[in-house]
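In case you want the letters, here they are:
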Amino acid sequence: IVDKETLDGLLATLPKEQWEDPPEDSYLYTLKCYAETYGPGKATKMGWYDYIYMKVSGPLFYDSAEDIADRKNRFREMSLKGAFPMEFPGPSNV
């Protein structure tokens, strides 16, 4: 369904313990559903619309699990210090 580089990038976004049962909000879960429906040995063939939708709705880049954990730690540290970027309400955010 996907090439090896894409699959390796998606597997790097989650810890190895979650590969068999990924969270529902990850794109790996979506690919697992596609593989269970249209994978090798299945009688169902993927239609052109499903293929285009799968390719278009995929993420453009993948954050590794370490990057996600680092971002959460930095956010936690900033929130404990009270150092947030100033945001103003309104359409311009200026």
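Numbering of residues starts from 1 in every chain and runs along the sequence as written. Restriction of local features to residues with pLDDT of at least 70 applies here, the model being predicted, together with a cutoff of 80 or more for giving and counting side-chain atom pairs; totals for whole chains, interfaces and linings are based on all residues. Excluding hydrogens and water, the side-chain figures rest on all heavy atoms present in the structure.

(A) View of the pattern of salt bridges. Here, a salt bridge means any side-chain nitrogen of Lys or Arg that lies within 4 Å of a carboxyl oxygen of Asp or Glu. Using the criterion set out here, one finds two salt bridges in the structure. Put simply, Lys-4 and Asp-8 hold a salt bridge, and the shortest N to O gap is 3.4 Å. Here Lys-4 and its partner Asp-8 are both found in helix α1 (residues 4-11), four residues apart, which amounts to about one turn of the helix. Each residue's exposure class comes from its accessible area (1.4 Å probe, protein chains only) as a fraction of the maximum for that residue type: buried when under 20%, exposed when over 50%, partly exposed otherwise. The class for Lys-4 is exposed, based on a relative accessible area of 61%. The exposure class of Asp-8 is partly exposed, given its relative accessible area of 37%. Between Arg-74 and Asp-70 there is a salt bridge whose closest N-O contact spans 3.4 Å. Here Arg-74 and its partner Asp-70 are both found in helix α4 (residues 65-81), four residues apart, which amounts to about one turn of the helix. Residue classification places Arg-74 among the partly exposed positions, given a relative accessible area of 46%. Asp-70 sits in the partly exposed class, given a relative accessible area of 40%. Where helices and strands are cited, they refer to DSSP runs of H or I of at least four residues and of E of at least two residues respectively, numbered from the N terminus.

(B) How the structure looks around the packing of aromatic side chains. For Phe, Tyr and Trp, rings pair up if their centres lie within 6.5 Å, where Trp contributes its six-membered ring, and each pair is then called stacked (planes under 30 degrees apart), edge-to-face (over 60) or tilted (otherwise). Counting across every chain of the model gives two aromatic pairs. When the centroid spacing of 6.2 Å and the interplanar angle of 25° are considered together, the rings of Tyr-34 and Tyr-38 count as stacked. Of the two residues, Tyr-34 and Tyr-38 are both situated in helix α2 (residues 27-38); the distance of four residues between them amounts to about one turn of the helix. With a relative accessible area of 12%, Tyr-34 lands in the buried category. On the basis of an interplanar angle of 90° and a centroid distance of 6.0 Å, the ring pair of Trp-48 and Tyr-49 is categorised as edge-to-face. According to the relative accessible area criterion, Tyr-49 is exposed, its value standing at 56%.

(C) Just a nonpolar patch on the surface, in detail. A surface patch of nonpolar side chains, about 770 Å² in accessible area, is lined by Trp-48, Tyr-49, Tyr-51, Ile-52, Tyr-53 and Val-56. Take Trp-48: it is sitting in helix α3 (residues 48-56). Given a relative accessible area of 67%, Trp-48 falls into the exposed group. Nonpolar side chains (Val, Leu, Ile, Met, Phe, Trp, Tyr) within 5 Å and like charges within 9 Å form the patches, drawn only from residues with over 30% relative accessible area and no salt bridge. Areas reported here follow the Shrake-Rupley algorithm with a probe of radius 1.4 Å; residue values treat only the protein chains shown as occluding.

(D) Summary view of the packing of α2 against α3. Helix axes are fitted only over the stretch in contact, all axes being lines through C-alpha atoms; the angle between N-to-C directions runs from 0 to 180 degrees. Taken N-terminus to C-terminus, the directions of α2 and α3 make an angle of 160°; their axes are 12 Å apart at the nearest point. When the interaxial angle is binned, α2 and α3 end up roughly antiparallel. For the element pair α2 and α3, the recorded crossing hand is left-handed. Taken together, the residues of α3 that come into contact with α2 (itself represented by Tyr-27, Leu-31, Tyr-34 and Tyr-38) are Asp-50, Tyr-53 and Met-54. Here the contact of α2 with α3 is built from residues that sort into six nonpolar, no polar and one charged. Comment on the angle field: the value is read as roughly parallel under 35 degrees, roughly antiparallel over 145, roughly perpendicular from 65 to 115, and oblique elsewhere. Crossing handedness is read from the near helix: turned anticlockwise from the far helix by less than a right angle, it gives a left-handed crossing, and turned clockwise, a right-handed one. Residue contacts follow a heavy-atom distance rule, with two residues in contact if any of their heavy atoms lie within 4.5 Å. Three classes are used: nonpolar for Ala, Val, Leu, Ile, Met, Phe, Trp, Tyr, Cys and Pro, charged for Asp, Glu, Lys and Arg, and polar for all others, with Gly counted as polar.

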